[in-house]
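Each chain, written out:
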Amino acid sequence: MPCASTGGADVEAIRQSAVGECGLACLAMVAEHHGHRIGLPALRQRFPLSLKGASLARLVAIAGALGLQARALRLEPAQLRELKLPCVLHWNLDHYVVLEKVGRRGLRILDPALGRRHVDADEVARRFTGVALELTPAAAFAPRAAPPPLRLRQLLGRVAGGLRALGLLLALSLALQVFVLLAPMQLQWIVDHALVAADRELLAVIALGFALLLALQVGVGLLRGWTLVALAAALGRQWTGNVLAHALRLPLDFFQKRHLGDVVSRLGAVQAIQRTLTTGFVEALVDGVLAVATATMMLLYSPKLAAIGFLAVALYLAARMTAFPHLREANERQLEAAASQQGHLLESLRGIQSLKVAGQEPARAAQYRSLVVDTLNRELRLATFGLGFSSGQQLLFGGERVLVIWLGAGLVLDGGFSVGMLLAYLAWKDQFAARTATLVDRLVELRMLRLHGERLADIVLAEPEHDPASDFEQAPASLRIEVRELGFRYADGEPWVLRGCSFHVDEGETVAIVGASGGGKTTLLKLVLGLLSPEEGRVLVGGRDLRRLGARNFRAQVGVVMQDDQLFAGSIADNIALGDDRVDMVRVEAAARAAAVHDEIAAMPMGYHSLIGDMGSALSGGQKQRVILARALYRQPRLLVLDEATSHLDVGNEQRVNAAIRQLRIGKLIVAHRPETIAAADRVLVLHGGRIVQEARPGLPPGPPARAAPEAASPVPTG
């Protein structure tokens, strides 16, 4: 094996956003190191992966598409220094990391989940699986410039009246600084004129004049404060609404590939950006203007003393800029630790019943405490940064003040300064030091916006569900469903879940789909509903391609009950009439009767106004399922799609539900295992090997089986 460099220029760290995309993040890091700055979002869009991640063979194929020559190797930890760096290591059996440097005491790696870190020899021996992937530019490799920086409007959308309010806020803030700038003159005039001349009338005039200025300053300050509060509220309302509206339009698989806590944390970046822009941005501008004004006054009084203040500010700026990369990394680690902690808590509360049944409450609490400690440690590091900067600022500017007072007193003794001039200069100098230090801190906060912007960009720059303009056209005249040669897999290189799948559902017809568990029945329904996009074939609704018709337009005509549907906090009536601004209680009751749940609801103390708790916790499993079915029937759909919609019901309730559904003169597409439900269908389709292999009618002999598609060999994914 040829010897290669064990170091080199640092590789830019890229953190994974979705579960299972560590391999993509590693390829993005290596490609950017060689000059192909494609970025993880573009790589994710071009080479989508499933939750299972990517096999080594899949990474080799993606690297080849990027123009990188890949060589997979099996080696011992002692041979790692012979690799061409940076390269990809298979880590801990289910993860990929980038090897950046081999040292005497261990490795420096870039972990897509944890960032840059050093690992000692013991950890390498435990976690390195012995598989590495060398990546070097091939003849087809072409450098690629970094994408343009994100603009604020891309992230948050248009804000009505935002610039006008921001301009008013800036003008009021600048007006306030005029009073601050004039204040030292009061001290100078009193010392140099009123006191020296013992002129009480002049002293009273000066005091009265500055008292009036103070009253005006307070009034302007109140107006500025009100404007700031109003602007923050307007920005928060519009920005949060814009981002959430976009997030809810994202396809289903976006959320399935991410942890809930991480998505919530990224949405929280809106508040961080809003706070920085409504306060930090305006204050930075105002501090900059005031710093220039006070610096001008200092230069007019004494260029020699002013030079000392300028030097102190330059040293503070250099210190903050030098420490910025470490501060950014600490902030990123803290945000990720907080997201993991929040995600763990949400998952624990959501699965409390499973934890109690398994007796795992203490173990889960211990895991949460560990995450809390990790978050606190990250916050402690950030607080340490803050204390360090604060102490350094006090030491630097305190020493500068001592030096200026010493030299200024010498100027007074030499007759170059009056006492009043020295006091006024010191006041301006203190303002200059405070404003410039704050300005530097605000500039650091503004630079830190990029971190929040990158986290938020994972959501707002993701492509929403494709809904053409026909979404707003008249509903399709026919809801005949035709599936033609449908093919789907969750990522390239993975086995086909469906392939060559074809069938139809006529209007008013009841079709049941049966097959083994895990055979793709639920996935097939999601494709028919437009929740997932097929890789091959088409879904036709009334003879029109679903992609041209618009999935939301189609789903508006369909009542759906999926296995993992949820109820929401509120009353039973609110859940049945979900999204209806004017709840029709007659329709609510009719839907509940059809779902065989009316009698149980009527027996509750508050009837249809009874609260169901968080996610329906006050209802039994069978009641939840029937309320969800009633929700689907309340829509008065033209087509009913049911995925094991009666799996939690007893035989009696199932018979009543099936009888009510059978009376509906609409089409029905049903996934079921129970014979009672299957018997109610006009046709039964058997799904096997990713395609429909048999069709039968209840009570009649089954038709000849179709030839099943061969099943692809499963890769060994990781991520």
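A quick note: this is a predicted structure, and the numbers were derived from the prediction, not measured.

Caption draft 1: Broad picture of the overall build of the chain. The helix and strand inventory of the chain stands at 23 helices and 16 strands. Burial analysis of the chain (719 residues in total) assigns 46% to the buried set. Counted over contacts in the chain with a minimum sequence separation of 6, partners at least 24 positions apart contribute 74%.

Caption draft 2: How the structure looks around the packing of helix α9 (residues 260-267) against helix α14 (residues 419-460). Following both chains from N to C, one finds α9 and α14 inclined at 115 degrees, their axes separated by 8 Å at the closest point. Judged on the interaxial angle alone, α14 and α9 are roughly perpendicular. As for the relative orientation of α9 and α14, their crossing is left-handed in sense. Note on element contacts: α14 touches α9 through Glu454, Arg455, Leu456, Asp458 and Ile459, opposite Asp262, Val263, Ser265, Arg266 and Leu267.

Caption draft 3: Layout of the packing of aromatic side chains. Counted according to the given criterion, the structure contains five aromatic pairs. Ring geometry for Phe254 versus Phe255: centroids 5.2 Å apart, planes at 85 degrees, classification edge-to-face. Classification of Phe254 by relative accessible area gives buried; the value is 7%. Over the ring of Phe324 we find Arg447, and its NZ or CZ is 4.0 Å from the ring centre. Directly above the ring of Tyr634 sits Arg587, whose terminal nitrogen or CZ lies 4.1 Å from the centroid.

Caption draft 4: The arrangement of helix α21 (residues 621-634) in detail. Between the first and last C-alpha of α21 there are 20 Å, a value that for 14 residues agrees with the 20 Å anticipated at 1.5 Å per step. Most of α21 sits out of view: twelve of its 14 residues are buried. Along α21, the residues classified as buried are Gly622, Gln623, Gln625, Arg626, Val627, Ile628, Leu629, Ala630, Arg631, Ala632, Leu633 and Tyr634. Its buried side turned inward, α21 meets β12 (558-561), α18 (572-576), α19 (585-594), α20 (598-602), β13 (639-643) and α22 (651-663).

Caption draft 5: Geometry of the pattern of salt bridges. Within this structure, the stated rule accounts for 29 salt bridges. For Glu400, the salt bridge is made with Lys429, and the minimal N-O distance between the two is 3.1 Å. Of this pair, Glu400 sits in helix α13 (residues 361-413) while Lys429 sits in helix α14, and the two are 29 residues apart along the sequence. Lys429 matches Glu400 in its accessibility class, with the two residues each being buried. Where Glu600 meets Arg626, a salt bridge forms, and the shortest distance between an N and an O atom there is 2.5 Å. With Glu600 in helix α20 and Arg626 in helix α21, this residue pair connects regions lying 26 residues apart in the sequence.

Caption draft 6: Representation of the environment of Gly103 in the model. In this structure, Gly103 sits in the loop between β3 (95-102) and β4 (106-111). Residue classification places Gly103 among the partly exposed positions, given a relative accessible area of 29%. C-alpha of Gly103 to C-alpha of Arg81: the two residues are 22 residues apart in sequence and 8.3 Å apart in space.

Caption draft 7: The environment of Gly621, seen in detail. In this fold, Gly621 is placed in helix α21. Looking at Gly621, the relative accessible area reads 37%, which means it is partly exposed. Along the sequence, Gly621 and His648 sit 27 residues apart, while their C-alpha atoms lie 6.3 Å from each other.

Caption draft 8: Looking closely at the sheet that holds strand β8 (residues 498-505). In space, the four strands of this open sheet follow the order β8-β7-β10-β11, with antiparallel pairing throughout. Each edge of the open sheet is held by one strand with a lone partner, namely β8 and β11 (544-545). In terms of strand pairing, strand β10 (residues 536-541) meets β11 through two bridges, oriented antiparallel. Bridge pairing in β11 links Leu540 to Asp545.

Caption draft 9: Examining unusual backbone geometry more closely. Going from Leu85 to Pro86, the amide bond is cis rather than trans, its omega being -5 degrees. Counting through the fold element by element, Pro86 comes out in the loop between β1 (68-74) and β2 (87-91). Of note in the backbone geometry, Ala596 takes a positive phi value of approximately 60 degrees without being a glycine. Assignment of secondary structure puts Ala596 in the loop between α19 and α20.

Caption draft 10: Representation of the pairing of strand β14 (residues 667-671) in the model. The element β14 is extensively covered by neighbouring structure, given that five of its five residues are classed as buried. The two faces of β14 match: Gly667, Leu669 and Val671 on one face and Lys668 and Ile670 on the other face are all buried. Here strand β9 (residues 510-514) runs beside β14; their pairing, made up of four bridges, is parallel. What sits directly across from Ile513, in β14, is Val671. Relative to β14, β13 runs parallel, the two sharing five bridges. Residue Leu640 lies in a different strand from β14, and its bridge partner there is Lys668. For the handedness criterion, the β-α-β arrangement of β13, α22 and β14 is classed as right-handed.

Caption draft 11: Local environment of the sheet that holds β2. Sheet architecture is open: six strands sit in the order β1-β6-β2-β3-β4-β5, paired in antiparallel fashion. Either end of the sheet is taken by a strand with one partner, and the two such strands are β1 and β5 (115-120). Neighbouring strand axes in the sheet, compared pairwise and without regard to direction, differ in orientation by 35 degrees on average. Pairing geometry for β1 and strand β6 (residues 128-137), over seven bridges, is antiparallel. Looking at β6, one finds that Leu73 is bridged to Ala132. Contacting β1, β2, β3, β4 and β6, helix α1 (residues 22-33) crosses the sheet at an angle of about 30 degrees to β3.

Cut-off values and rules
- Residues numbered from 1 in each chain as written.
- Predicted model: local features only at pLDDT ≥ 70, side-chain atom pairs only at ≥ 80, totals over all residues.
- Heavy atoms only, no water.
- Helix = DSSP H or I, 4+ residues; strand = E, 2+ residues; numbered from the N terminus.
- Buried < 20%, exposed > 50% of the residue type's maximum accessible area, 1.4 Å probe, protein only.
- Contact = heavy atoms within 4.5 Å.
- Axes fitted to C-alpha atoms, helices over the stretch in contact; angles between N-to-C directions.
- Parallel < 35°, antiparallel > 145°, perpendicular 65-115°, else oblique.
- Left-handed = near helix turned anticlockwise from the far one by under 90°.
- Phe/Tyr/Trp six-rings, centres within 6.5 Å; stacked < 30°, edge-to-face > 60°.
- Lys NZ or Arg CZ within 6 Å of the ring centre and 35° of its normal.
- Expected span 1.5 Å × (residues − 1).
- Salt bridge = Lys/Arg side-chain N within 4 Å of Asp/Glu carboxyl O.
- Pairing = 2+ DSSP bridges.
- Right-handed = clockwise from strand over helix to strand, strands pointing away.

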